[in-house]
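Read off the chains here:
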Amino acid sequence: MTSLSYAKLDSSSNVESFSCGNEEHHFKLNRFLKEKALNHHSDFIGTTLLASKDEITVGYITLLTDSIIVRKEEKELRENFFSKVFLRNKYETFPSLKIGRIAVHEDYQHQGKSNGLKVGTYLFKLSVAIATKSNDFMGVRFLTVDAKDNARDWYINKLNFRVLDQTKPNFLFYDLLGWKNE
């Protein structure tokens, strides 16, 4: 299996040839990486990490802080997803790490079965590693994502994210305690 490496995006990163496709949502992801991601770094909004294979950028992920808010009156959510945490802590807000953007170069999409190079899964596992390592010095309980319609099934079926609230079916979460069991 070919290994991937990662590095934080900086002004010397070569991302001009990166393209995750030609559809409208791909253009937005491509433009973000090339035109906006460094500003997010300098403004402390989000951090973009590049996945590389043989020094070629094959994907990226942008991470930022988030929180899940579950108000006391949202009884069903509290009972279904957060019962143990609520019983112990009585919190309404839970610290999270948000996947702001994730993109895989078009030449490396859907390649997991043919060559074992699962760039999207690698980026997800990288976000889990960062979140769990963050718990050495601050609390991070969940990963969150506002999934695009075309990516929602991947998050749910491949990565075990869950829908928090049926009225917001694309706001998904992943409980980092579950990582211990996978």
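For the structure itself, consult the block above.
All of these numbers come straight from a predicted model, not from anything done at the bench.

1. Notes on the sheet that holds strand 4 (residues 93–104)
1) Next: Strand order in the open sheet formed by seven strands is 1-2-3-4-5-7-6, and the pairing between neighbours is mixed. Lying at the two open borders of the sheet, with one neighbouring strand each, are strand 1 (5–8) and strand 6 (162–165). For this sheet, the mean inter-axis angle between neighbouring strands, taken without regard to orientation, is 35°.
2) Next: Sheet topology note: the strand 6/strand 7 (residues 168–175) ladder contains three bridges and is antiparallel. Bridge pairing links V163 to L172 in strand 7.
3) Next: Across the sheet, helix 1 (residues 24–42) touches strand 1, strand 2 (47–53), strand 3 (56–69) and strand 4, and the angle it forms with strand 2 is around 130°.

2. Details of unusual backbone geometry
1) Next: Located in the positive-phi region is F44, a residue other than glycine, with phi close to 55°.
2) Next: Here F44 lies in the loop between helix 1 and strand 2.
3) Next: Phi is positive for D54, which is not a glycine, with a value near 50°.
4) Next: Summarising the element assignment, D54 is placed in the loop between strand 2 and strand 3.

3. Here we look at the pattern of salt bridges
1) Next: All told, the structure shown has seven salt bridges when counted by the stated rule.
2) Next: For the salt bridge of D146 with K98, the shortest nitrogen-to-oxygen distance reads 2.6 Å. Residue D146 is located in strand 5 (residues 142–146), and its partner K98 is located in strand 4; the two are separated by 48 residues in the primary sequence.
3) Next: Judged by its relative accessible area of 42%, D146 is partly exposed.
4) Next: Between R141 and D175 there is a salt bridge, and its shortest N-O distance comes to 2.8 Å. Residue R141 is located in the loop between helix 5 (119–134) and strand 5, and its partner D175 is located in strand 7; the two are separated by 34 residues in the primary sequence.
5) Next: Looking at R141, the relative accessible area reads 19%, which means it is buried.
6) Next: In this structure, a network of salt bridges that share partners links the residues D66, K98 and D146.

The rules we used
- Residues numbered from 1 in each chain as written.
- Predicted model: local features only at pLDDT ≥ 70, side-chain atom pairs only at ≥ 80, totals over all residues.
- Heavy atoms only, no water.
- Pairing = 2+ DSSP bridges.
- Helix = DSSP H or I, 4+ residues; strand = E, 2+ residues; numbered from the N terminus.
- Axes fitted to C-alpha atoms, helices over the stretch in contact; angles between N-to-C directions.
- Contact = heavy atoms within 4.5 Å.
- Salt bridge = Lys/Arg side-chain N within 4 Å of Asp/Glu carboxyl O.
- Buried < 20%, exposed > 50% of the residue type's maximum accessible area, 1.4 Å probe, protein only.

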